[in-house]
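Chain by chain, the residues:
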Amino acid sequence: MTTATATLPNLTAGTWTIDTVHSTVGFSVRHLMVSKVRGTFNDFAGAITVAEDGTTAVTAEIQVASIDTKNTDRDAHIKSADFFDAEQFPTATFTSTAVRAKGGDYVVEGDFTLRGVTRQVELALEFNGVNPGMGNGPVAGFEATTVLNRKDFGITIDMPLEGGGAVVGDKITITLEIEAGLQA
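How each quantity is defined
- Residues numbered from 1 in each chain as written.
- Predicted model: local features only at pLDDT ≥ 70, side-chain atom pairs only at ≥ 80, totals over all residues.
- Heavy atoms only, no water.
- Helix = DSSP H or I, 4+ residues; strand = E, 2+ residues; numbered from the N terminus.
- Rg over C-alpha atoms; globule rule 2.2 N^0.38 Å.
- Buried < 20%, exposed > 50% of the residue type's maximum accessible area, 1.4 Å probe, protein only.
- Contact = heavy atoms within 4.5 Å.
- Areas by Shrake-Rupley, 256 points an atom, 1.4 Å probe, with all protein chains shown as cover.
- Lys, Arg positive; Asp, Glu negative; His and termini not counted.
- Charge placed at Lys NZ, Arg CZ, Asp CG, Glu CD.
- Pairing = 2+ DSSP bridges.
- Salt bridge = Lys/Arg side-chain N within 4 Å of Asp/Glu carboxyl O.

J.: Tell me about the overall build of the protein, residues and numbers included.
T.: When its secondary structure is counted, the protein shows one helix and 12 strands. Reading the protein from its N end, one meets helices and strands in the order β-β-β-β-β-β-β-α-β-β-β-β-β. For 184 residues, the compact-globule estimate of 2.2 N^0.38 gives 16 Å, and the protein sits close to it at 17 Å. Counting over 184 residues, the protein shows a buried share of 39%. Of the contacts made within the protein by residues no fewer than 6 positions apart, 58% connect residues no fewer than 24 positions apart. Carbon and sulfur atoms form 52% of the exposed surface of the protein, whose accessible area is close to 9,900 Å². When the 13 positive and 23 negative side-chain charges of the protein are each reduced to one mean point, those points stand 9 Å apart.

Listed below in structure tokens is the structure:
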């Protein structure tokens, strides 16, 4: 069940579908203890559904094999059983359980499933407003972030470095830049 204690201003009732051409699902993770590797997922979908009473529900899915870190060897390794096990678990999903105000922004709480493991997560959400669009109806913009621990989702591979630390950090920062259009 999805509940809302906050109504997003100017977001009218209906289903707002994510425009994947104008949206990004990205991430970053510490690499070799000194830098970050960034990547995106190219195949994703989702919707924000607003009921007449303002109750807001968010659903999304990501095809994990669509990962792109600009390195095909690394992408192949991340798709393997060491990380995503994309063959057995091809889709990551998110289903909101609540939307609430936090200062001038919002928090979206929900269940995130990756690699067959579901955990409650919170996304810090900035609502960028609504625009009349370019002839196809109104569009809304959102930015959301969260930090996950990969080990919470069964990604426990450790690749220790000789001098201490690890090749890949445990914390993954997820960044969403979303544009959604109101469906007729």
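J.: Lay out the pairing of strand β10 (residues 117-131) in plain terms, naming residues and giving numbers.
T.: Bridge count for strand β9 (residues 105-114) against β10 is nine bridges, and the pairing is antiparallel. Bridge assignment links threonine 113 to a residue of β10, and that residue is threonine 118. Between β9 and β10, which pair antiparallel one after the other, the connecting turn spans two residues, and arginine 115 there sits at a positive phi close to 60 degrees.

J.: Explain the pattern of salt bridges residue by residue, including any values.
T.: Inspection of every chain in the model, using the stated rule, returns six salt bridges. For glutamate 109, the salt bridge goes to arginine 100, with nearest N and O atoms at 2.8 Å. Arginine 100 sits in the partly exposed class, given a relative accessible area of 25%. Close ionic contact of lysine 151 with aspartate 158 constitutes a salt bridge, the shortest N to O distance being 3.2 Å. The exposure class of lysine 151 is partly exposed, given its relative accessible area of 32%. What makes aspartate 158 partly exposed here is its relative accessible area of 48%. The network of salt bridges with common partners includes Arg150, Lys151, Asp158 and Asp170.

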